[in-house]
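A look at the structure
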Amino acid sequence: MREVMEQSDDKVLENALANGDHSMNQTAAVSPLKAYLNSLRVDLMSYMTKFQWDKAKYPTALPLSSLADIITKEVSQMETELKSRAAAYSSVKTSLQSMEYKLHGSLQTCSLKDIVRKEDLVTSEHLTTLLVVVTRGSYLQWERTYESFSQFVVPRSSRKLYEDGEGGVFSVTLFKRAVCEFKAKAQESKFTVREYSFDLEAKQEQERQQRSIQKKEQYGIFVRWLKVNFSQVFIAWIHLKALRVFAESVLRYGLPVNYQALLLHTDKKRSKKLREDLASLFKHLDPTASNSKTDVSFDIPGLCQPEYLSYICFYINTNLLELS
């Protein structure tokens, strides 16, 4: 989402919300239906502090392994679709960027629509006009040699139409049958002949406009999909954390189930002190547990070896932009 919105953190935070049924203040200016729909999307911390297990989506009558499989399958499907949608959007975006680069690029590729006028081009049954890019240091060479590239070049027909710090665009008139010969000789002398026609320029401009519209449409569709599925994957993540708290507590403390799950909200500065206090408070549950004072910010099964504590604890960071 951050990449698609081009690093606009404020926009990302506006859209990185979770679904919930927590009531919000409604203003008179908002219709009841819209206010209700808005109330179904809450910030991540609000969702967590008022978390309730979604029994409809994850039936508690199912075995723990089945619930974990449901979550895994759900997230895997999102990931597959994300890759497909991201590739499609990236293709449109890259194509448009390539067109815009050519439009505003060097004299070899930039658009000439604001440079060349109809009166600059001679077109008849036998004559045509070519546009040639000449570097600044080769102006004199061009003037001295272009007439020798073919015997069918109109003498003294070269005119400078445009120049920048890189060089200039020159026009030259010649017989149509000499075009291939002229291009070959120009290339040997390090001059670039630009393919140009007003019809071709108009076609390229139309393609750019169509691609720009296509990107705008794809952007809106992709961002809406990201909003919905970010919410779904975040909800799945928190349910998985709750599932782990339950499973680990049963494994640690045995049956019958007799424990209390809590959500403790802190920040980086106070998390170390909090962990020290918790280790001291619950040391009697397992005297052999670690009394480490380090802060564990990442908890990824299979990748990170979790610290063994006397209590069950999982870390959840809702500031996802920091992780990025």
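Below: a short report on this structure. These figures come from a predicted structure and were not determined experimentally. (Residues numbered from 1 in each chain as written. Predicted model: local features only at pLDDT ≥ 70, side-chain atom pairs only at ≥ 80, totals over all residues. Heavy atoms only, no water.)

Here's the deal with the overall build of the protein
We apply this condition: Secondary structure elements follow DSSP: runs of H or I of four or more residues count as helices, runs of E of two or more count as strands, with numbering from the N terminus. Relative accessibility decides the category of a residue: with a 1.4 Å probe and only protein chains considered, values under 20% of the type maximum give buried, values over 50% give exposed, and everything between is partly exposed. Every residue pair with non-hydrogen atoms within 4.5 Å of one another is taken to be in contact. Note on areas: Shrake-Rupley, 1.4 Å probe, and residue coverage restricted to the protein chains presented here.
The helix and strand tally for the protein stands at nine helices and six strands. Taken over 324 residues, the protein has a buried fraction of 31%. For the protein, long-range pairs separated by at least 24 residues make up 69% of all intrachain contacts whose partners lie at least 6 apart in sequence. For the protein, the accessible surface area stands at approximately 21,200 Å², while carbon and sulfur atoms represent 54% of it.

Looking at the pattern of salt bridges
To keep it simple, the criterion reads: One side-chain nitrogen of Lys or Arg within 4 Å of one carboxyl oxygen of Asp or Glu is enough to make a salt bridge.
The tally for this structure, following the rule as stated, stands at twelve salt bridges. Of the charged contacts in the structure, one is a salt bridge between Arg117 and Glu119, with a shortest N-O distance of 3.7 Å. Under the relative-accessibility criterion, Arg117 is labelled partly exposed at 47%. A salt bridge links Glu205 to Arg208; its shortest N-O distance comes to 2.7 Å.

Quick word on the sheet that holds strand β4 (residues 159-163)
To summarise the sheet geometry, strands pair through backbone hydrogen bonds and adopt either a parallel or an antiparallel arrangement. Note the threshold: Strand pairing is defined by DSSP finding a minimum of two bridges between the two strands. Fitted lines through C-alpha atoms serve as axes, helices being fitted only where they are in contact, and the angles separating the N-to-C directions of these axes extend from 0 to 180 degrees.
Taken in spatial order, the four strands of this open sheet run β4-β5-β3-β6, and their pairing is antiparallel. Two strands in the sheet have a free side with no partner beyond their single neighbour: β4 and β6 (192-194). Shown here is a sheet whose adjacent strand axes are inclined to one another by a mean of 35°, direction ignored. Where strand β3 (residues 127-135) and strand β5 (residues 167-175) come together, nine bridges link them in antiparallel fashion. Bridge pairing in β5 places Thr128 opposite Leu174.

Structural notes on a nonpolar patch on the surface
Quick reminder of the rule: Residues form patches when they are more than 30% accessible in relative terms and have no salt bridge. Like charges link within 9 Å. Nonpolar side chains (Val, Leu, Ile, Met, Phe, Trp, Tyr) link within 5 Å.
A contiguous nonpolar surface patch, about 360 Å² in accessible area, is contributed by Leu64, Phe246, Leu255 and Val257. By the element assignment, Leu255 lies in the loop between α7 (198-253) and α8 (268-281).

A word on the side chain of Ser157
Test applied: As used in this structure description, the phrase polar contact means that two N or O atoms lie within 3.5 Å; if the pair is within protein, one of them must be able to donate a hydrogen and the other to accept it, and residues adjacent in sequence are counted only when both atoms belong to side chains.
Take Ser157: it is sitting in the loop between α5 (139-145) and β4. Assessed through its relative accessible area of 14%, Ser157 is described here as buried. At 3.1 Å, the side chain of Ser157 and the backbone nitrogen of Thr173 are in polar contact. Not counting chain neighbours up to four residues away, the residues in contact with Ser157 comprise Tyr146, Ser171, Val172 and Thr173.

Structural notes on the environment of Arg224
Along the chain, Arg224 falls in helix α7. The exposure class of Arg224 is exposed, given its relative accessible area of 52%. Taking the C-alpha atoms as reference points, Arg224 and Asn15, 209 residues apart in sequence, are found 8.9 Å from one another.

A few points about the packing of helix α4 (residues 64-104) against α7
Quick reminder of the rule: Here the angle decides the label: under 35 degrees means roughly parallel, over 145 means roughly antiparallel, 65 to 115 means roughly perpendicular, and every other value means oblique. The crossing is said to be left-handed when, going from far helix to near helix, the turn is anticlockwise and less than a right angle, and right-handed when the turn is clockwise. Charged residues are taken to be Asp, Glu, Lys and Arg, nonpolar residues to be Ala, Val, Leu, Ile, Met, Phe, Trp, Tyr, Cys and Pro, and polar residues to be all remaining types, Gly included.
Two elements in contact, α4 and α7, have axes whose closest approach is 9 Å; the angle formed by their N-to-C orientations is 155°. Judged by the inter-axis angle, α4 sits roughly antiparallel to α7. Crossing of α4 against α7: the hand is left-handed. Residues of the contact of α4 with α7, tallied by class, amount to 24 nonpolar, seven polar and eight charged.

Regarding the nonpolar core
Selection criterion: Take the buried residues of types Ala, Val, Leu, Ile, Met, Phe, Trp, Tyr and Cys, join any two whose side-chain atoms come within 4.5 Å, and each joined set is a nonpolar core.
Formed by 17 residues in total, the largest nonpolar core has its most connected members in Val132, Trp142, Val172 and Phe182. Within the residue set of this core, elements represented by two or more residues are β3, α5, β5 and α6 (179-188). With eleven residues, the next largest nonpolar core counts Leu107, Val133, Leu161 and Tyr196 among its residues.

Quick look at unusual backbone geometry
The omega torsion of the bond from Leu255 to Pro256 falls at -5°, within 30 degrees of zero and hence cis. Its location among the elements puts Pro256 in the loop between α7 and α8. Positive phi values are uncommon outside glycine, yet Arg156 reaches one of about 55°. Its place among the elements puts Arg156 in the loop between α5 and β4. Within the chain, Lys190 stands out as a residue other than glycine whose phi angle is a positive 70°.

Examining the pairing of β4
Bridge count between β4 and β5: four bridges; the pairing is antiparallel. Within β5, the position partnered with Lys160 by the bridge is Phe170. Between β4 and the antiparallel strand that follows it, β5, lie three residues.

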